[in-house]
Amino acid sequence: MADKYYDVVIVGGGPAGLAAAVAACEKGAEKVLVIERDKVVGGILNQCIHNGFGLHYFKEELTGPEYAGRFAKMVAETRAEVVTGTMVLDVTAAGMKRYVSCISSENGYCVYEAGAVVLCMGCRERTRGAISIPGDRPAGVLTAGTAQRYVNMEGYMVGKRVVILGSGDIGLIMARRMTLEGAKVLACIELSPWCNGLNRNVVQCLNDYGIPLYLSHTITGIYGSDRVEKVVVSKMDGGKPVPGMEFEIECDTVLLSVGLIPENELTRNAGIQINPRTNGAVVFENMMTMTDGVFACGNVLHVHDLVDFVTAESMKAGAAAAEYAKGKRVGGNIVDVVSGDGVNYTVPSKIRPENVEKGVDIFFRTNHPRKKSVITVKSGDNQIAAFKRDYMAPGEMEKITIPKVLLAKCSGSMTVSVDDAVEEVF
Amino acid sequence: MYDVLIVGCGVIGAATAYKLAKYNLKVAIAEKFNDVACGTTKANSAIMHAGYDPEPGTKKAILNRRGIAEAREVVKKLDVEYQPIQSLVIAYNDRDMEEVRKLYCRGLANGVHVKIMSQDEAHAVEPALSPNVIGALWSDESAIINPWEFATAMTEVAVINGADLRLNAEVYSIEQHEDHLTAVTANGKVDARYVVNAAGCYAPFIAKMVGDDRIEATNRAGQYYVLDKVEGRKVHSVIFGCPDENGFKGVLVSPTVHGNLIVGPDAEIAAHPEDLATKPDNLGKIRAAGLKYVPSINYRNMIREYAGVRPTTNLSDFIIEICPTCSRMINLAGMASPGLSSALAVGEEGVKLLGEAGLELVENPDFRDERPPVIRFKELSPEEQKALIAKNPAYGQIVCRCETVTEGEIVAALHRPIVPVSVDGVKRRCRAGMGRCQGGFCSPRVHEIISRELGIPEEKVPKDKQGSYIITGRTK
């Protein structure tokens, strides 16, 4: 059935896929294939020409293309093969075998058998339709990422008077970018009472340019017959507009930065279990999904703020995929990680202590901003561990590490919570 | 001098042009927008109704039945996306069951294959239905269709057979002469011996241009949700509620030919035929109505909302006639539901009336009842995909990842008999940008391909209508 066999097939050549490839080769996988749909590897980093990438991994500040370039070079120095302009249509993991079918202009339709598959498809942006903004449907309503592509890759401006809906990082970055290109960014409007992007981006992209941020506000209407002419902004309370508090902004462009959705259509079609909290796969401590031999990492698993964390997670996945392809199997008991009070989700959601060397990292997001707070890990009534934090926010991913010795104390499950007894920001 | 000028290239104008293409005639079509099928044809329920709704004996009843019968053949011949599907009118109480029985009788009178189903039978044929449904009217004669492809396909046949399609040609006025009419359009003057008024929501205005002021537009807008294919898989029928006291059929839940789910419409007076704004209160009611039919709909998976305007008038039936004030004009007006279902029959009636008005209808022996084939990459087998890419590598490049649309299909769409000039025009031809990311990833690529293939600068490529510009200039 297959045209060729690879130990590890990696679906996607963005930061996750590249890191997984490097790690898979380091772990000794002989035949590794990275499949990228675009003409070049690097994924969305290629259009992120601002800096701030790599502070954790490279200990220096790089632009997106520089970060991608370093990893592309690292992959080129391994034995991994990279195919670009190739779209994966289907991943099947029936029985003990895994197949990846894809098409490209060069090679046509191909099916590869894989010892292990690593899913690195990234995420897409939530659209106007997904959040149902009423009004007309004129030109000039774009997701921030699409606008970023037009501006940074194609060299075109997409507006002169801009309103940004949502305070996600791409929206904040685009507020600065559009300003630098001569557009007037009139407002950034955020439904939550807090900002959803990194604090550093609020300072560097809004405050530095005097762009007002309206918290607890949203756009309740977009109007214009051919091109956007104005938006109606409403103050929100308890999920509803406050009557009489709406105002209009005349603008020609609305950029949306209202959330990212992991792109798991291939995952779903392959019948792999999805975590409804993340919209990504349910994974073990080594990033293997509940389908044997299929791994997931990066933004297809859960949306990250920093590419450095994507890299770390994907290296774990790539290494584990290489070991799986070589025949390593993990047994023993399973500890379920439960999201308790104040925790939106955790990755991983299942841990096999047998497969943990020294300790296991658990990533999560809290549900709203907090000042001094305590993260507790409990199994049943027993507290296993506690971690103090001075500040936490939904826009900044948290990480805790549970030492292996403490895992032994967990029977069946552990619950991660953020203690609400402390004073909150809002 | 043209023999016939058709005003409007929605599905009614398209069907008329298609029917006229069989004859030795010089035909022109004047369309207001920069593409065909941009009005009501673009935004409706996309359903070919079985025909149990209209009052027996009305034009609506007769032409609905004729229209869907002929459409079954035409969609095959012209390769239009179409799928027969069962329809249900569901009842929650005794009053509703009374409506169901009424519709059943109408269905029988109109010659429709209908059944009244018990609660168990209804749930057996459509497990997604709410448990509160106590019975239903059922028919297997309905279908879902791609309405803009239907109109485009028929117009393509007309164009291949010599019709002159003028886009961006809004008709401003019509001058009456002894042996012809002159339409003054935004795209030049057009002289024609006869004019067919198929202007949809604007048909009453076109009629007024020749002094016929009986028809008043009472246009009714309807809003809809489109949901992801994940939701489309939940439903296997077109589900209607019972008509209300005013005969309004209400919200329906239906899969689309592309596998999505639509929920809508409501009915509200439209300020203007192009007032297509969606409103939060209406959307809220539509959501609630959809959930009442199918409780498992997950609105977190919605991908788009839209509104369409039905060309309703003060007259309840279709208006199909030689214009009483101008014997050189044929009115095909008031084409609200079941206008799409009836289109082919309405076109046929239009031709008949042209004959009665004095137009000589001589069959064209060289008539070609076909259009260039449409390749839908996603629907091909792996072997066919392989062979196609080997022949043309552009079919190996996926541009729209959500809908699996290749560069080859986009290029082909741009070289068809009717050339789409906008990003949305390409979307309507080959689905690029119609999926869950709504063109987030592919619209800059599609934009670039349009510019390249048509040789127009990227700055000049609109999103949809003329004036819906995307780019405001170069970066610094």
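Residues numbered from 1 in each chain as written. Chains lettered and ligands numbered in written order. Predicted model: local features only at pLDDT ≥ 70, side-chain atom pairs only at ≥ 80, totals over all residues. Heavy atoms only, no water.

J.: How should the overall build of chain A be read in this particular structure?
T.: Counting its secondary structure elements, chain A contains nine helices and 31 strands. Scaling as 2.2 N^0.38, a compact globule of 426 residues should have a C-alpha radius of gyration of about 22 Å, and chain A matches this with 22 Å. Across its three principal directions, the C-alpha atoms of chain A cover 65 × 60 × 40 Å. Of all intrachain contacts in chain A linking residues separated by at least 6 positions in sequence, the fraction that spans at least 24 positions is 63%. Approximately 16400 Å² of chain A is accessible, and the part contributed by carbon and sulfur atoms is 50%. Across chain A, the mean location of the 45 positive side-chain charges is 2 Å away from that of the 49 negative side-chain charges. (Helix = DSSP H or I, 4+ residues; strand = E, 2+ residues; numbered from the N terminus. Rg over C-alpha atoms; globule rule 2.2 N^0.38 Å. Contact = heavy atoms within 4.5 Å. Areas by Shrake-Rupley, 256 points an atom, 1.4 Å probe, with all protein chains shown as cover. Lys, Arg positive; Asp, Glu negative; His and termini not counted. Charge placed at Lys NZ, Arg CZ, Asp CG, Glu CD.)

J.: Can you walk me through the packing of aromatic side chains in this structure?
T.: Each aromatic ring pair is described using two quantities: the centre-to-centre distance and the angle formed by the ring planes. Tallying each qualifying case throughout the model produces twelve aromatic pairs over all chains. Consider the rings of tyrosine 202 of chain B and phenylalanine 205 of chain B, whose centres lie 6.0 Å apart with planes at 50 degrees: the pair is tilted. A network of ring pairs unites the aromatic residues Tyr57, Phe58, Tyr67 and Phe71 of chain A as a single cluster. Sitting above the plane of the phenylalanine 284 of chain A ring, arginine 352 of chain A keeps its charged end 3.9 Å from the centroid. Here the guanidinium or amino end of lysine 115 of chain B rests over the ring plane of tryptophan 138 of chain B, the centre of that ring lying 4.7 Å away. (Phe/Tyr/Trp six-rings, centres within 6.5 Å; stacked < 30°, edge-to-face > 60°. Lys NZ or Arg CZ within 6 Å of the ring centre and 35° of its normal.)

J.: Is there a simple way to explain the sheet that holds strand β3 (residues 47-48) of chain B in this structure?
T.: Hydrogen bonds between backbone groups are what pair the strands of a sheet, and the pairing can be parallel or antiparallel. All names here are of chain B. Taken together, the three strands give an open sheet; going across it, the order is β3-β8-β4, and neighbouring strands pair in antiparallel fashion. Strands with a single pairing partner mark the edges of an open sheet, and in this sheet they are β3 and β4 (82-84). Pairing between β3 and strand β8 (residues 143-145): two bridges, direction antiparallel. Note that in β8 the partner of isoleucine 47 across the bridge is isoleucine 144. (Pairing = 2+ DSSP bridges.)

J.: So what exactly am I meant to see when it comes to the packing of helix α4 (residues 144-154) of chain A against helix α5 (residues 169-180) of chain A here?
T.: Between two packed helices, what matters for the description is the angle formed by their axes and the separation of those axes. Residue and element names in this part refer to chain A. One can describe the packing of α4 onto α5 by two numbers: an axis separation of 9 Å at closest approach and a directional angle of 35 degrees. In the packing of α4 onto α5, the handedness of the crossing is left-handed. Residues Ala144, Gly145, Ala147, Gln148, Val151 and Asn152 of α4 touch α5, and the partners they reach there are Ile170, Gly171, Ile173, Met174, Arg177 and Met178. Looking at the contact of α4 with α5 residue by residue, the classes come out as seven nonpolar, four polar and one charged. (Axes fitted to C-alpha atoms, helices over the stretch in contact; angles between N-to-C directions. Left-handed = near helix turned anticlockwise from the far one by under 90°. Nonpolar A, V, L, I, M, F, W, Y, C, P; charged D, E, K, R; others polar.)

J.: Sorry, what's going on with the domain arrangement of chain B here?
T.: One frequent convention defines the size of an interface as the accessible area lost when the parts assemble. Residues and elements named next belong to chain B. Taken as a whole, chain B is organised into domain 1 (2-40 + 148-217 + 314-357), domain 2 (82-141 + 220-310) and domain 3 (377-460). Using C-alpha coordinates to define each centre, domain 1 is positioned 31 Å away from domain 2. Counting residues at the interface gives eight residues for domain 1, matched by seven residues for domain 2. Summed over both sides, the interface between domain 1 and domain 2 buries roughly 570 Å², with carbon and sulfur atoms accounting for 62% of that surface. Applying the counting criterion to the domain 1 and domain 2 interface returns one salt bridge. (Domains from an automatic or database assignment. Buried area = accessible area lost by both parts, 1.4 Å probe. Salt bridge = Lys/Arg side-chain N within 4 Å of Asp/Glu carboxyl O.)

J.: Looking at this model, I keep getting lost on the interface of chain A and chain B. Mind explaining?
T.: At the interface, 48 residues of chain A touch 52 residues of chain B. The junction of chain A with chain B conceals about 4200 Å² of combined surface from both sides, 52% of it contributed by carbon and sulfur atoms. When the area that chain A buries against chain B is broken down by residue, the three leading residues are Tyr109, Arg137 and Tyr156 of chain A, summing to 17%. The interface formed by chain A and chain B contains three salt bridges. Aspartate 226 of chain A is the partner of lysine 465 of chain B in a salt bridge, and the nearest nitrogen-oxygen pair spans 3.6 Å.

J.: Is there a simple way to explain the sheet that holds strand β24 (residues 335-339) of chain A in this structure?
T.: All names here are of chain A. The strand order across the open sheet built from five strands is β26-β24-β31-β28-β29, with neighbouring strands paired in mixed fashion. Two strands close off the open sheet at either side, each with one partner strand: β26 (350-351) and β29 (382-389). Taken together, the four bridges between strand β28 (residues 373-379) and strand β31 (residues 413-418) define a ladder with antiparallel strand orientation. Across the sheet, isoleucine 375 pairs through a bridge with valine 418, a residue of β31.

J.: Before we go on, may I ask you to explain the environment of phenylalanine 295 of chain A in this structure?
T.: Residue and element names in this part refer to chain A. Position of phenylalanine 295 relative to the elements: it lies in strand β23 (residues 294-296). Taking the C-alpha atoms as reference points, phenylalanine 295 and alanine 320, 25 residues apart in sequence, are found 8.3 Å from one another. With residues up to four places along the chain from it excluded, the contact list for phenylalanine 295 reads Ala116, Val117, Val118, Leu119, Asn286, Met287, Met288, Thr289, Ala317, Ala320, Ala321 and Tyr324.

J.: For this particular structure, what's the right way to read unusual backbone geometry?
T.: Only a minority of non-glycine residues have a phi that is not negative, and only a minority of peptide bonds are not trans. The residue after glycine 264 of chain B, namely proline 265 of chain B, is reached through a cis peptide bond having omega -5 degrees. Tracing the backbone through its elements, the reader meets proline 265 of chain B in the loop between β16 (261-264) and β17 (268-269). Phi at serine 216 of chain A takes a positive value of approximately 55 degrees, unusual for a residue other than glycine. Following the sequence through the fold, serine 216 of chain A ends up in the loop between β14 (213-214) and β15 (217-223).

J.: What exactly am I supposed to notice about the nonpolar core here?
T.: Nonpolar side chains in soluble globular proteins tend to be buried together. By size, the foremost hydrophobic cluster in this structure holds 71 residues, and its most contacted members are Ile10, Val11, Val32, Ile35, Val118, Leu119 and Phe295 of chain A. When near neighbours in sequence (up to four residues on either side) are disregarded, isoleucine 35 of chain A contacts Val9, Ile10, Val11, Gly12, Gly13, Val83, Thr86, Val88, Val100, Cys102 and Tyr112 of chain A. Among the nonpolar cores identified, the runner-up in size contains 57 residues, and Tyr18, Val74, Ala158 and Leu353 of chain B belong to it. (Core = buried A, V, L, I, M, F, W, Y, C linked by side-chain atoms within 4.5 Å. Buried < 20%, exposed > 50% of the residue type's maximum accessible area, 1.4 Å probe, protein only.)

J.: How should the pairing of strand β19 (residues 253-256) of chain A be read in this particular structure?
T.: A regular strand places its side chains on the two faces of the sheet in alternate fashion. Residue and element names in this part refer to chain A. The alternating pattern of β19 places Thr253 and Leu255 on one face and Val254 and Leu256 on the opposite face, and all of these are buried. One ladder, built from four bridges, connects strand β12 (residues 161-165) with β19; its direction is parallel. Paired with isoleucine 164 across the bridge in β19 is leucine 255.

J.: Sorry, what's going on with the side chain of arginine 365 of chain A here?
T.: Residue and element names in this part refer to chain A. Within the element layout of this structure, arginine 365 appears in strand β27 (residues 359-366). A polar side-chain atom of arginine 365 sits 2.6 Å from the main-chain carbonyl oxygen of valine 303. Within polar-contact distance, the side chain of arginine 365 engages the side chain of aspartate 305 at 2.6 Å. Ignoring sequence-local partners within four residues, the contact set of arginine 365 consists of Val303, His304, Asp305, Gly342, Val343, Asn344, Tyr345, Pro394, Gly395, Glu396 and Met397. (Polar contact = N/O pair within 3.5 Å; in protein donor to acceptor, adjacent residues only side chain to side chain.)

J.: Mind showing me how you'd approach the pattern of salt bridges here?
T.: Oppositely charged side chains may form a pair once their charged atoms are brought near each other. In the structure shown here, the tally under the stated rule is 64 salt bridges over all chains. Note that glutamate 398 of chain A is salt-bridged to arginine 389 of chain A, the shortest N-O span being 2.7 Å. Relative accessible area serves as the criterion here: at 22%, arginine 389 of chain A is assigned to the partly exposed category. Between glutamate 268 of chain B and lysine 279 of chain B there is a salt bridge; the shortest N-O distance is 3.3 Å.

J.: Hey, could you run me through the environment of glutamine 86 of chain B in this one?
T.: Residues and elements named next belong to chain B. Counting through the fold element by element, glutamine 86 comes out in strand β5 (residues 86-91). Given the relative accessible area of 15%, glutamine 86 is considered buried. Along the backbone, glutamine 86 and tryptophan 138 are 52 residues apart, and their C-alpha atoms lie at a distance of 7.1 Å. A distance of 3.4 Å separates a polar atom in the side chain of glutamine 86 from a polar atom in the side chain of serine 237.

J.: Got a minute to help me understand helix α10 (residues 382-391) of chain B in this structure?
T.: Residues separated by three or four positions in an α-helix point in the same direction, a consequence of the helix having 3.6 residues per turn. Inspection of α10 of chain B places Gln385, Leu388 and Ile389 of chain B among the buried residues, and these make up the whole buried set. Buried residues of α10 of chain B, viewed axially, fall in a sector of 95 degrees; they line one side. In this structure, α10 of chain B carries Glu383, Ala390 and Lys391 of chain B as exposed residues pointing more than 90 degrees from its buried face. On its buried side, α10 of chain B packs onto β6 (86-92), β7 (98-104) and β8 (108-119) of chain A. (Arc of directions from axis to C-beta.)

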